[in-house]
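Structural overview for review
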Amino acid sequence: MSMLFNSVITDFDLHSGLSQAKASIRRRLSDMRGMFADQTAFEEELRTDDRLVYEYYDMGVPHTEKDVAYGTSIVYPGKVGAEYHMTKGHFHTVLDTTEVYFCLRGHGYLMMENPEGDVEARELKPGLALYVPKRYAHRSINVSATEPLITFFAFPGHAGHDHGTIETKGFRKVIAEKHGAAEIVDNPRWST
Ligand code: NI
């Protein structure tokens, strides 16, 4: 009897989001230069605390449209100035591909925007699944002061990641703390 596929089991801890079977890709504050709105606060924090901001997994699934890439993403609590810790965010290189995020732990937002400038920020809480439409860049933002934001994601294997346009321009909106609460505000550094 021939095998049709090789099944794979991977552990992802529901509390930490981490896998013991696989090494994560880690992003520290020093990897995030230019991404936070308050650059003075960024440089000040970096001097004393090059902390881990987030980590995620690349499971090594083949980059074809018949495969599904998946893994967890963990954004640790913290702020740079008033802006919450977040992932760099990306468009998919194949722009009209989608993604699903399922929140396992914490409290945050997925910030989304398309090249035409339509912006959507959706709240993430444990048990909520979010479908990111095709053509939308996406970034996870952790607004909890104490808990990591843990999501499980899945997207087509051939989608690819385009960080470049987001790294140079940023998102139109950012999420910052105002009077003790998370608020969606214009990115003061965004430019066309
Ligand atoms: Ni993506």
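For the structure itself, look to the data block above.
For the structure given in this document, a descriptive report is provided here.

Reading the values: the criteria
- Residues numbered from 1 in each chain as written.
- Predicted model: local features only at pLDDT ≥ 70, side-chain atom pairs only at ≥ 80, totals over all residues.
- Heavy atoms only, no water.
- Helix = DSSP H or I, 4+ residues; strand = E, 2+ residues; numbered from the N terminus.
- Rg over C-alpha atoms; globule rule 2.2 N^0.38 Å.
- Buried < 20%, exposed > 50% of the residue type's maximum accessible area, 1.4 Å probe, protein only.
- Contact = heavy atoms within 4.5 Å.
- Areas by Shrake-Rupley, 256 points an atom, 1.4 Å probe, with all protein chains shown as cover.
- Phe/Tyr/Trp six-rings, centres within 6.5 Å; stacked < 30°, edge-to-face > 60°.
- 1 Å grid on protein atoms, 1.4 Å probe; cavity = no way out; pocket = protein on both sides within 12 Å on 5 of 7 lines; lining within 4 Å.
- Points joined across faces, edges and corners; volume = space filled by probe spheres on them.
- Nonpolar A, V, L, I, M, F, W, Y, C, P; charged D, E, K, R; others polar.
- Donors = N, O, S within 2.8 Å, 3.2 Å for Na, K, Ca; no water.
- Tetrahedral: all angles 85-135°; square planar, octahedral: opposite > 155°, others 65-115°.
- Arc of directions from axis to C-beta.
- Polar contact = N/O pair within 3.5 Å; in protein donor to acceptor, adjacent residues only side chain to side chain.

1. A closer look at the overall build of the protein
- When you go through the protein residue by residue, the secondary structure sums to two helices and 15 strands.
- Since a compact globule built from 192 residues should have a radius of gyration of about 16 Å, the 17 Å found for the protein is in line with a globular shape.
- Principal axes of the C-alpha set define a box for the protein whose edges measure 65 × 35 × 30 Å.
- Taken over 192 residues, the protein has a buried fraction of 41%.
- Contacts in the protein between residues at least 24 apart in sequence constitute 69% of all its contacts with a sequence separation of at least 6.
- Counting only carbon and sulfur atoms, one obtains 52% of the accessible surface of the protein, whose full area is about 10,300 Å².

2. Some points on the packing of aromatic side chains
- Overall, the coordinates contain seven aromatic pairs when judged by the stated rule.
- Considering the side-chain rings of Phe12 and Tyr57, the 5.5 Å spacing of their centres and the 70° angle between planes classify their relative orientation as edge-to-face. Separated by 45 residues along the polypeptide, Phe12 in the segment before β1 (25-28) and Tyr57 in the loop between β2 (52-56) and β3 (68-75) bring together distant segments of the chain. By the burial criterion, Phe12 is buried, and Tyr57 matches it.
- Ring plane angle 25° and centroid distance 6.2 Å describe the contact between Tyr54 and Tyr56, whose orientation is recorded as stacked. When sorted by exposure, Tyr54 lands in the same class as Tyr56, which is buried.

3. Section: the layout of surface pockets
- Volume-wise, the largest pocket comes out at about 420 Å³.
- Looking at the largest pocket, it is lined by 25 residues, and the ones nearest its centre are Tyr56, His90, Phe153, Phe155 and His161.
- Examining the composition of the lining of the largest pocket, we find that three residues originate from one element, β3, more than from any other.
- Looking at the lining of the largest pocket residue by residue, the classes come out as ten nonpolar, twelve polar and three charged.
- A volume near 170 Å³ is recorded for the second largest pocket.

4. A few points about the coordination of the nickel ion
- The coordination sphere of the nickel ion, as far as protein atoms go, consists of His90 (NE2), His92 (NE2), Glu99 (OE) and His138 (NE2), spread over 2.0 to 2.2 Å.
- Viewed at the metal, the four donor atoms of the nickel ion are separated by angles of 85 to 162°, and the geometry they form is irregular.
- All donors of the nickel ion belong to a single chain; written as a sequence motif, their spacing is H-x1-H-x6-E-x38-H. No difference in accessibility class separates His92 from Glu99, as the two residues are buried.

5. Things to note about unusual backbone geometry
- Here Arg135, not a glycine, exhibits a phi torsion of approximately 80°, which is positive.
- For Arg135, the location among the structural elements is in the loop between β10 (129-132) and β11 (137-142).
- Owing to a relative accessible area of 31%, Arg135 belongs among the partly exposed residues under this scheme.

6. Re helix α1 (residues 39-48)
- For α1, the complete set of buried residues consists of Ala41, Phe42 and Leu46. The buried side chains of α1 occupy one side of the element, clustering within an arc of 130° when seen end-on. What points out from α1, more than 90 degrees from its buried face, is the exposed set Thr40, Arg47 and Thr48.
- Where the residues of α1 are buried, they touch β4 (79-80).
- Where α1 begins, the capping side chain belongs to Asp38, and its oxygen is found 3.3 Å from the backbone nitrogen of Thr40.

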